[in-house]
Amino acid sequence: MNDPAFRKMNRLLTAKNQIILYGPPGTGKTHAAQRYIAAHKPGDSAFVTFHPSFAYEDFIEGLRPQTDDEGRICYGIEDGIFKSFCMKAFNALMETAGLERRWEEGHDVPALSEAEKAQALNARDRVLFYLVIDEINRGDIPRIFGELITLLEKDKRLCTDHELVTTLPYSKTRFGIPPNLFIIGTMNTADRSIALLDIALRRRFGFIEMMPDYGVLEEHLGHDDPSVQEIHDLAIAALRQVNARVAEQYDRDHQIGHSYLMKLGGSNSRDEAVETLQYIWYYEVLPLMQEYFYDAPQKLKDCVGSGFVILGEKGRSFTLAEERDGEEFIQMIQMLVGAAIPQDEYEA
(Lines give C-alpha, C1' and ligand atoms only; values in the text may rest on other atoms or scores of the structure.)
Protein backbone atom coordinates (compact mmCIF):
# COMPACT_ATOMS: atom_id res chain seq x y z
CA MET A 1 0.00 0.00 0.00
CA ASN A 2 3.06 2.29 0.08
CA ASP A 3 3.30 2.00 -3.72
CA PRO A 4 2.67 5.45 -5.31
CA ALA A 5 0.35 3.86 -7.89
CA PHE A 6 -1.72 2.28 -5.11
CA ARG A 7 -1.96 5.60 -3.28
CA LYS A 8 -3.16 7.27 -6.47
CA MET A 9 -5.75 4.52 -7.00
CA ASN A 10 -6.90 4.94 -3.41
CA ARG A 11 -7.29 8.72 -3.73
CA LEU A 12 -9.27 8.54 -6.97
CA LEU A 13 -11.50 5.68 -5.83
CA THR A 14 -12.25 7.60 -2.65
CA ALA A 15 -13.07 10.72 -4.68
CA LYS A 16 -15.05 9.15 -7.54
CA ASN A 17 -15.86 5.49 -6.66
CA GLN A 18 -14.63 4.38 -10.10
CA ILE A 19 -11.35 4.59 -12.01
CA ILE A 20 -9.86 3.42 -15.28
CA LEU A 21 -6.27 2.17 -15.54
CA TYR A 22 -5.10 2.91 -19.07
CA GLY A 23 -1.94 2.38 -21.06
CA PRO A 24 -0.19 0.23 -23.67
CA PRO A 25 -0.61 -3.57 -23.65
CA GLY A 26 1.36 -5.48 -21.05
CA THR A 27 1.74 -2.68 -18.49
CA GLY A 28 0.08 -4.65 -15.68
CA LYS A 29 -3.30 -2.89 -15.54
CA THR A 30 -5.38 -5.95 -14.69
CA HIS A 31 -2.72 -7.23 -12.31
CA ALA A 32 -2.65 -3.88 -10.51
CA ALA A 33 -6.43 -3.94 -10.11
CA GLN A 34 -6.36 -7.46 -8.68
CA ARG A 35 -3.51 -6.62 -6.28
CA TYR A 36 -5.30 -3.50 -5.08
CA ILE A 37 -8.50 -5.42 -4.38
CA ALA A 38 -6.64 -8.23 -2.58
CA ALA A 39 -4.89 -5.67 -0.35
CA HIS A 40 -8.24 -4.20 0.72
CA LYS A 41 -9.83 -7.51 1.78
CA PRO A 42 -13.14 -6.81 0.05
CA GLY A 43 -16.54 -8.11 0.99
CA ASP A 44 -16.63 -9.49 -2.53
CA SER A 45 -15.31 -8.80 -6.03
CA ALA A 46 -16.36 -9.68 -9.57
CA PHE A 47 -14.65 -9.61 -12.95
CA VAL A 48 -16.17 -8.97 -16.37
CA THR A 49 -14.63 -8.30 -19.79
CA PHE A 50 -16.35 -5.97 -22.24
CA HIS A 51 -16.41 -6.79 -25.96
CA PRO A 52 -18.16 -5.36 -29.03
CA SER A 53 -21.29 -7.54 -28.68
CA PHE A 54 -21.69 -6.94 -24.92
CA ALA A 55 -24.97 -5.12 -24.28
CA TYR A 56 -27.22 -3.46 -21.70
CA GLU A 57 -29.13 -6.73 -21.45
CA ASP A 58 -25.96 -8.55 -20.37
CA PHE A 59 -24.90 -5.87 -17.89
CA ILE A 60 -28.14 -4.56 -16.35
CA GLU A 61 -31.17 -6.65 -17.31
CA GLY A 62 -32.98 -7.94 -20.37
CA LEU A 63 -35.29 -10.51 -21.90
CA ARG A 64 -33.83 -13.98 -22.17
CA PRO A 65 -35.30 -17.15 -23.76
CA GLN A 66 -36.43 -19.77 -21.27
CA THR A 67 -38.33 -23.05 -21.45
CA ASP A 68 -41.34 -24.04 -19.40
CA ASP A 69 -42.07 -27.47 -17.93
CA GLU A 70 -43.41 -28.66 -21.29
CA GLY A 71 -40.34 -27.52 -23.21
CA ARG A 72 -41.99 -24.51 -24.82
CA ILE A 73 -39.87 -21.41 -25.37
CA CYS A 74 -40.89 -18.25 -23.59
CA TYR A 75 -39.14 -15.05 -22.59
CA GLY A 76 -38.42 -13.82 -19.09
CA ILE A 77 -36.56 -10.90 -17.54
CA GLU A 78 -33.09 -11.85 -16.32
CA ASP A 79 -30.77 -9.71 -14.20
CA GLY A 80 -27.38 -8.84 -15.70
CA ILE A 81 -23.96 -8.95 -14.07
CA PHE A 82 -23.97 -5.40 -12.75
CA LYS A 83 -27.50 -5.42 -11.36
CA SER A 84 -26.91 -8.71 -9.56
CA PHE A 85 -23.67 -7.39 -8.07
CA CYS A 86 -25.39 -4.17 -6.96
CA MET A 87 -28.04 -6.19 -5.14
CA LYS A 88 -25.40 -8.31 -3.47
CA ALA A 89 -23.41 -5.26 -2.37
CA PHE A 90 -26.54 -3.53 -1.03
CA ASN A 91 -27.64 -6.55 1.00
CA ALA A 92 -24.15 -7.00 2.45
CA LEU A 93 -24.13 -3.33 3.44
CA MET A 94 -27.50 -3.65 5.16
CA GLU A 95 -26.34 -6.71 7.08
CA THR A 96 -23.11 -5.02 8.17
CA ALA A 97 -25.03 -1.91 9.24
CA GLY A 98 -27.44 -4.03 11.30
CA LEU A 99 -30.45 -3.11 9.15
CA GLU A 100 -33.23 -5.52 8.21
CA ARG A 101 -33.74 -4.16 4.70
CA ARG A 102 -32.97 -6.50 1.79
CA TRP A 103 -33.11 -6.05 -1.98
CA GLU A 104 -34.90 -9.07 -3.40
CA GLU A 105 -34.76 -10.19 -7.02
CA GLY A 106 -37.60 -8.75 -9.06
CA HIS A 107 -38.36 -6.05 -6.50
CA ASP A 108 -37.55 -2.37 -6.04
CA VAL A 109 -34.46 -1.32 -4.17
CA PRO A 110 -35.71 -0.64 -0.61
CA ALA A 111 -36.31 3.01 0.31
CA LEU A 112 -34.40 3.93 3.45
CA SER A 113 -35.12 6.58 6.05
CA GLU A 114 -32.55 9.33 6.66
CA ALA A 115 -31.42 7.58 9.84
CA GLU A 116 -31.00 4.26 8.00
CA LYS A 117 -29.02 5.97 5.24
CA ALA A 118 -26.63 7.48 7.76
CA GLN A 119 -26.25 4.11 9.49
CA ALA A 120 -25.50 2.43 6.15
CA LEU A 121 -22.91 5.05 5.18
CA ASN A 122 -21.14 4.58 8.50
CA ALA A 123 -20.78 0.86 7.69
CA ARG A 124 -19.70 1.33 4.06
CA ASP A 125 -15.93 1.04 4.58
CA ARG A 126 -16.36 -2.28 6.40
CA VAL A 127 -17.89 -4.06 3.42
CA LEU A 128 -16.33 -2.90 0.15
CA PHE A 129 -17.34 -4.50 -3.15
CA TYR A 130 -15.18 -4.20 -6.28
CA LEU A 131 -16.16 -4.79 -9.88
CA VAL A 132 -13.28 -5.06 -12.38
CA ILE A 133 -14.27 -4.27 -15.98
CA ASP A 134 -11.44 -5.47 -18.18
CA GLU A 135 -11.06 -3.97 -21.68
CA ILE A 136 -13.75 -1.40 -20.86
CA ASN A 137 -13.03 0.53 -24.07
CA ARG A 138 -13.90 -2.46 -26.28
CA GLY A 139 -17.57 -2.19 -25.32
CA ASP A 140 -20.15 0.33 -26.52
CA ILE A 141 -20.28 2.30 -23.26
CA PRO A 142 -23.50 4.31 -23.89
CA ARG A 143 -25.27 1.15 -24.99
CA ILE A 144 -24.07 -0.96 -22.06
CA PHE A 145 -24.70 1.52 -19.23
CA GLY A 146 -27.68 3.25 -20.78
CA GLU A 147 -29.44 5.67 -18.44
CA LEU A 148 -27.47 4.35 -15.47
CA ILE A 149 -24.32 6.28 -16.37
CA THR A 150 -25.55 9.18 -14.20
CA LEU A 151 -26.12 6.92 -11.21
CA LEU A 152 -22.40 6.06 -11.16
CA GLU A 153 -21.49 9.47 -9.76
CA LYS A 154 -20.45 9.32 -6.12
CA ASP A 155 -23.00 11.86 -4.93
CA LYS A 156 -25.80 10.08 -6.83
CA ARG A 157 -25.27 6.72 -5.10
CA LEU A 158 -27.81 5.25 -2.70
CA CYS A 159 -27.78 6.74 0.83
CA THR A 160 -26.07 9.98 -0.32
CA ASP A 161 -27.51 13.49 -0.14
CA HIS A 162 -28.27 13.58 -3.87
CA GLU A 163 -29.34 9.94 -4.20
CA LEU A 164 -30.82 9.01 -7.57
CA VAL A 165 -33.07 6.02 -8.19
CA THR A 166 -34.37 5.15 -11.64
CA THR A 167 -36.98 2.76 -13.04
CA LEU A 168 -35.52 0.04 -15.25
CA PRO A 169 -37.18 -0.38 -18.68
CA TYR A 170 -37.68 -4.16 -18.62
CA SER A 171 -38.65 -5.07 -15.05
CA LYS A 172 -40.13 -1.63 -14.20
CA THR A 173 -38.42 -1.91 -10.81
CA ARG A 174 -36.60 0.89 -8.99
CA PHE A 175 -32.81 0.67 -9.20
CA GLY A 176 -29.88 2.46 -7.57
CA ILE A 177 -26.16 1.85 -7.09
CA PRO A 178 -24.99 1.21 -3.50
CA PRO A 179 -22.23 3.44 -2.07
CA ASN A 180 -19.97 0.50 -1.17
CA LEU A 181 -19.55 -0.64 -4.79
CA PHE A 182 -16.35 0.47 -6.55
CA ILE A 183 -15.47 -0.03 -10.22
CA ILE A 184 -11.97 -0.48 -11.62
CA GLY A 185 -11.81 -0.51 -15.40
CA THR A 186 -8.81 -1.30 -17.58
CA MET A 187 -8.19 0.15 -21.01
CA ASN A 188 -5.62 -0.78 -23.65
CA THR A 189 -4.68 2.46 -25.43
CA ALA A 190 -3.27 0.54 -28.39
CA ASP A 191 -6.88 -0.41 -29.19
CA ARG A 192 -8.46 2.98 -28.62
CA SER A 193 -7.20 6.35 -27.49
CA ILE A 194 -8.51 7.81 -24.24
CA ALA A 195 -9.52 10.87 -26.29
CA LEU A 196 -12.12 8.75 -28.13
CA LEU A 197 -13.93 7.61 -24.97
CA ASP A 198 -17.50 8.67 -24.36
CA ILE A 199 -17.42 12.09 -22.66
CA ALA A 200 -20.00 11.04 -20.06
CA LEU A 201 -17.75 8.17 -19.03
CA ARG A 202 -14.66 10.39 -18.88
CA ARG A 203 -16.42 12.79 -16.49
CA ARG A 204 -17.43 10.07 -14.07
CA PHE A 205 -14.23 8.03 -13.90
CA GLY A 206 -10.81 8.91 -12.57
CA PHE A 207 -7.99 7.98 -14.98
CA ILE A 208 -4.56 6.59 -14.09
CA GLU A 209 -1.96 6.08 -16.80
CA MET A 210 0.20 2.96 -16.62
CA MET A 211 3.26 2.94 -18.87
CA PRO A 212 6.15 0.46 -19.28
CA ASP A 213 8.00 0.30 -15.95
CA TYR A 214 11.61 -0.76 -16.37
CA GLY A 215 12.20 -0.45 -12.63
CA VAL A 216 9.74 -3.31 -12.07
CA LEU A 217 11.70 -5.43 -14.54
CA GLU A 218 15.06 -4.59 -12.98
CA GLU A 219 13.72 -5.60 -9.58
CA HIS A 220 11.95 -8.75 -10.79
CA LEU A 221 14.73 -9.95 -13.10
CA GLY A 222 17.60 -9.80 -10.64
CA HIS A 223 19.58 -13.07 -10.63
CA ASP A 224 22.57 -14.45 -8.71
CA ASP A 225 24.04 -16.07 -11.84
CA PRO A 226 25.90 -13.38 -13.87
CA SER A 227 25.33 -15.28 -17.12
CA VAL A 228 21.56 -15.26 -16.55
CA GLN A 229 21.65 -11.62 -15.43
CA GLU A 230 23.40 -10.73 -18.67
CA ILE A 231 20.42 -11.98 -20.68
CA HIS A 232 17.95 -10.27 -18.38
CA ASP A 233 19.77 -6.95 -18.73
CA LEU A 234 19.93 -7.37 -22.50
CA ALA A 235 16.19 -8.07 -22.65
CA ILE A 236 15.41 -4.89 -20.67
CA ALA A 237 17.74 -2.84 -22.88
CA ALA A 238 16.06 -4.24 -26.01
CA LEU A 239 12.61 -3.35 -24.68
CA ARG A 240 13.79 0.19 -23.92
CA GLN A 241 15.22 0.53 -27.41
CA VAL A 242 12.12 -0.79 -29.17
CA ASN A 243 9.80 1.40 -27.10
CA ALA A 244 11.88 4.49 -27.83
CA ARG A 245 11.59 3.77 -31.53
CA VAL A 246 7.85 3.00 -31.34
CA ALA A 247 7.23 6.28 -29.49
CA GLU A 248 9.15 8.09 -32.25
CA GLN A 249 7.72 6.25 -35.25
CA TYR A 250 4.13 5.76 -34.00
CA ASP A 251 3.15 7.09 -30.54
CA ARG A 252 3.68 6.39 -26.84
CA ASP A 253 0.35 4.52 -26.54
CA HIS A 254 1.66 1.66 -28.70
CA GLN A 255 4.71 0.81 -26.64
CA ILE A 256 5.27 -2.72 -25.31
CA GLY A 257 4.59 -3.26 -21.63
CA HIS A 258 7.04 -4.68 -19.13
CA SER A 259 4.85 -7.70 -18.36
CA TYR A 260 5.92 -9.32 -21.63
CA LEU A 261 9.35 -9.92 -20.09
CA MET A 262 8.20 -10.98 -16.62
CA LYS A 263 8.29 -14.68 -17.46
CA LEU A 264 12.08 -14.38 -17.79
CA GLY A 265 12.14 -14.38 -13.99
CA GLY A 266 11.65 -18.15 -14.01
CA SER A 267 14.93 -18.81 -15.84
CA ASN A 268 17.46 -20.89 -13.89
CA SER A 269 20.24 -20.98 -16.49
CA ARG A 270 21.58 -18.87 -19.32
CA ASP A 271 20.29 -21.31 -21.95
CA GLU A 272 16.84 -21.24 -20.39
CA ALA A 273 16.86 -17.44 -20.29
CA VAL A 274 17.89 -17.28 -23.97
CA GLU A 275 15.17 -19.76 -24.95
CA THR A 276 12.51 -17.83 -23.02
CA LEU A 277 13.57 -14.49 -24.51
CA GLN A 278 13.58 -16.03 -27.97
CA TYR A 279 10.00 -17.23 -27.48
CA ILE A 280 8.88 -13.81 -26.16
CA TRP A 281 10.54 -12.00 -29.02
CA TYR A 282 9.38 -14.10 -31.93
CA TYR A 283 5.91 -15.07 -30.75
CA GLU A 284 4.77 -12.07 -28.70
CA VAL A 285 6.78 -8.94 -29.49
CA LEU A 286 7.24 -9.29 -33.25
CA PRO A 287 3.56 -10.20 -33.95
CA LEU A 288 2.48 -7.14 -31.99
CA MET A 289 4.89 -4.95 -33.95
CA GLN A 290 3.64 -6.43 -37.22
CA GLU A 291 0.12 -5.45 -36.21
CA TYR A 292 1.19 -1.89 -35.44
CA PHE A 293 3.13 -1.39 -38.66
CA TYR A 294 1.35 -3.70 -41.09
CA ASP A 295 1.18 -0.91 -43.69
CA ALA A 296 4.55 0.70 -42.90
CA PRO A 297 7.34 -1.84 -43.60
CA GLN A 298 10.14 0.71 -43.28
CA LYS A 299 8.97 1.83 -39.85
CA LEU A 300 8.68 -1.80 -38.73
CA LYS A 301 12.28 -2.41 -39.77
CA ASP A 302 13.43 0.77 -38.06
CA CYS A 303 11.76 -0.32 -34.81
CA VAL A 304 12.94 -3.93 -34.57
CA GLY A 305 16.08 -3.86 -36.69
CA SER A 306 17.28 -5.41 -39.94
CA GLY A 307 18.10 -8.66 -38.14
CA PHE A 308 14.39 -9.43 -37.85
CA VAL A 309 12.74 -7.72 -40.84
CA ILE A 310 13.67 -7.83 -44.52
CA LEU A 311 12.14 -5.20 -46.80
CA GLY A 312 10.78 -6.08 -50.20
CA GLU A 313 11.23 -4.19 -53.45
CA LYS A 314 11.14 -0.41 -52.96
CA GLY A 315 10.32 -0.95 -49.29
CA ARG A 316 6.63 -1.58 -49.97
CA SER A 317 6.50 -5.00 -48.37
CA PHE A 318 8.41 -7.05 -45.84
CA THR A 319 9.14 -10.56 -44.67
CA LEU A 320 10.35 -11.68 -41.29
CA ALA A 321 13.92 -12.93 -41.23
CA GLU A 322 14.49 -16.59 -40.49
CA GLU A 323 14.19 -17.30 -36.79
CA ARG A 324 17.57 -17.46 -35.09
CA ASP A 325 18.43 -19.74 -32.17
CA GLY A 326 20.69 -19.50 -29.16
CA GLU A 327 23.72 -17.26 -29.39
CA GLU A 328 22.92 -16.24 -32.95
CA PHE A 329 19.61 -14.83 -31.70
CA ILE A 330 21.40 -13.03 -28.85
CA GLN A 331 23.74 -11.41 -31.39
CA MET A 332 20.69 -10.05 -33.24
CA ILE A 333 19.34 -8.56 -30.01
CA GLN A 334 22.75 -7.07 -29.22
CA MET A 335 22.80 -5.46 -32.68
CA LEU A 336 19.36 -3.99 -31.99
CA VAL A 337 20.42 -2.57 -28.64
CA GLY A 338 23.68 -1.18 -30.01
CA ALA A 339 22.15 0.44 -33.09
CA ALA A 340 21.25 4.12 -33.10
CA ILE A 341 17.59 5.10 -33.03
CA PRO A 342 16.55 6.04 -36.58
CA GLN A 343 16.21 9.80 -37.05
CA ASP A 344 14.65 9.79 -40.51
CA GLU A 345 11.08 11.01 -40.73
CA TYR A 346 8.58 9.01 -42.70
CA GLU A 347 5.10 9.85 -43.85
CA ALA A 348 2.41 8.49 -41.53
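Just so you know, these numbers come straight off a predicted model, no measurement behind them.

Comments concerning the overall build of the chain
- On a plain count of helices and strands, the chain comes out with 12 helices and 11 strands.
- The principal-axis extents of the C-alpha atoms in the chain amount to approximately 70 × 45 × 45 Å.
- The buried share of the chain, reckoned over its 348 residues, is 48%.
- Within the chain, residue pairs in contact and separated by at least 24 positions form 69% of the contacts whose partners lie at least 6 positions apart.
- Looking at the chain as shown, the accessible area adds up to about 17,000 Å², and 48% of this sits on carbon and sulfur atoms.
- For the chain, the distance from the average site of its 37 positive side-chain charges to the average site of its 55 negative ones is 7 Å.

Comments concerning the pairing of strand 4 (residues 73–79)
- The pairing of strand 3 (residues 61–67) with strand 4 spans seven bridges and is classified as antiparallel. Residue pairing in the sheet places G62 in a bridge with E78 of strand 4.
- Between strand 3 and strand 4, which follow one another and run antiparallel, lie five residues, and G71 among them has a positive phi close to 85 degrees.

Let's talk about the packing of helix 10 (residues 270–292) against helix 11 (residues 297–304)
- With their axes 9 Å apart at the nearest point, helix 10 and helix 11 run at an angle of 150 degrees to one another. Judged by the angle between their axes, helix 10 and helix 11 are roughly antiparallel. Judged by the sense of rotation from one axis to the other, the crossing of helix 10 with helix 11 is right-handed. Contact residues: L286, M289 and Q290 in helix 10; L300, C303 and V304 in helix 11.
- By residue class, the composition of the contact of helix 10 with helix 11 is five nonpolar, one polar and no charged.

Let's talk about the environment of G80
- Inspection of the secondary structure puts G80 in the loop between strand 4 and helix 4 (81–97).
- Taking the C-alpha atoms as reference points, G80 and E323, separated by 243 residues in sequence, lie 47 Å from one another.

Considerations on the nonpolar core
- In this structure, F50, F59, F82, I133, F145 and F175 are the most contacted members of the largest nonpolar core, which totals 47 residues.
- For this core, the secondary-structure elements that each account for two or more residues are strand 1 (18–23), helix 3 (56–59), helix 4, helix 5 (114–123), strand 5 (129–134), helix 6 (141–145), strand 8 (181–188) and helix 7 (199–204).
- The element contributing the most residues to this core is helix 4, with 10 residues.
- If near-sequence neighbours (up to four positions away) are discounted, F145 is found in contact with F50, Y56, F59, I133 and L152.

A word on the confidence of the model for the chain
- Per-residue confidence for the chain gives a mean pLDDT of 91; residues scoring 70 or more make up 95%.
- Residue range residues 340–348 is modelled with pLDDT below 50. Its contacts to residues more than four positions away, or to other chains, number 17 contacts.

A word on the side chain of Q18
- Inspection of the secondary structure assignment puts Q18 in strand 1.
- A polar contact is formed between the side chain of Q18 and the backbone oxygen of L152, at a distance of 2.8 Å.
- Among residues more than four places away in sequence, those in contact with Q18 are L13, L152, E153, R157, I183, R204, F205 and G206.

Side note on the packing of aromatic side chains
- A complete count under the given rule lists 22 aromatic pairs for this structure.
- On the basis of an interplanar angle of 50 degrees and a centroid distance of 5.6 Å, the ring pair of W281 and F308 is categorised as tilted. Residue W281 is located in helix 10, and its partner F308 is located in the loop between helix 11 and strand 10 (309–311); the two are separated by 27 residues in the primary sequence. Accessibility classification places W281 together with F308 in one group, the buried group.

A look at a nonpolar patch on the surface
- On the surface, L63, I73, Y75 and I77 cluster together into a nonpolar patch covering about 450 Å² of accessible area.
- Tallying contributions element by element places strand 4 first for the nonpolar patch, with three residues.
- One can find I73 in strand 4.

What to know about the sheet that holds strand 1
- Spatially, the five strands line up as an open sheet ordered 2-5-8-1-9, and their pairing is parallel. If you trace the sheet from one side to the other, it starts and ends with strand 2 (44–49) and strand 9 (206–209), each paired once. Between one strand axis and the next, the sheet turns through 20 degrees on average, direction left out of account.
- Of the pairings in the sheet, the one linking strand 2 to strand 5 comprises six bridges and is parallel in character. Residue pairing across strands places A46 opposite L131, the latter belonging to strand 5.

A closer look at the pairing of strand 8
- Taking burial as the measure, the eight residues of strand 8 include eight buried ones, the bulk of the element.
- Side-chain alternation along strand 8 places L181, I183, G185 and M187 on one buried face and F182, I184, T186 and N188 on a second face that is also buried.
- As paired strands, strand 1 and strand 8 are joined by six bridges and run parallel to one another. Its bridge partner lying in strand 8, Q18 is registered against I183.

Some points on the environment of G266
- As for its position among the elements, G266 is in the loop between helix 9 (226–249) and helix 10.
- Residue G266 is classed as partly exposed on the basis of its relative accessible area of 44%.

Overview of the packing of helix 4 against helix 5
- For the pair helix 4 and helix 5, the least separation of the axes is 9 Å and the interaxial angle reads 95 degrees. With respect to helix 5, the element helix 4 is oriented roughly perpendicular. Along the contact surface, helix 4 presents L93, M94, T96 and A97, while helix 5 presents Q119, A120 and A123.
- Split into classes, the residues belonging to the contact of helix 4 with helix 5 amount to five nonpolar, two polar and no charged.

About the thresholds
Residues numbered from 1 in each chain as written. Predicted model: local features only at pLDDT ≥ 70, side-chain atom pairs only at ≥ 80, totals over all residues. Heavy atoms only, no water. Helix = DSSP H or I, 4+ residues; strand = E, 2+ residues; numbered from the N terminus. Buried < 20%, exposed > 50% of the residue type's maximum accessible area, 1.4 Å probe, protein only. Contact = heavy atoms within 4.5 Å. Areas by Shrake-Rupley, 256 points an atom, 1.4 Å probe, with all protein chains shown as cover. Lys, Arg positive; Asp, Glu negative; His and termini not counted. Charge placed at Lys NZ, Arg CZ, Asp CG, Glu CD. Pairing = 2+ DSSP bridges. Axes fitted to C-alpha atoms, helices over the stretch in contact; angles between N-to-C directions. Parallel < 35°, antiparallel > 145°, perpendicular 65-115°, else oblique. Left-handed = near helix turned anticlockwise from the far one by under 90°. Nonpolar A, V, L, I, M, F, W, Y, C, P; charged D, E, K, R; others polar. Core = buried A, V, L, I, M, F, W, Y, C linked by side-chain atoms within 4.5 Å. pLDDT = per-residue confidence, 0-100. Polar contact = N/O pair within 3.5 Å; in protein donor to acceptor, adjacent residues only side chain to side chain. Phe/Tyr/Trp six-rings, centres within 6.5 Å; stacked < 30°, edge-to-face > 60°. Patch = residues over 30% accessible without salt bridge, like charges linked within 9 Å, V, L, I, M, F, W, Y side chains within 5 Å. Salt bridge = Lys/Arg side-chain N within 4 Å of Asp/Glu carboxyl O.

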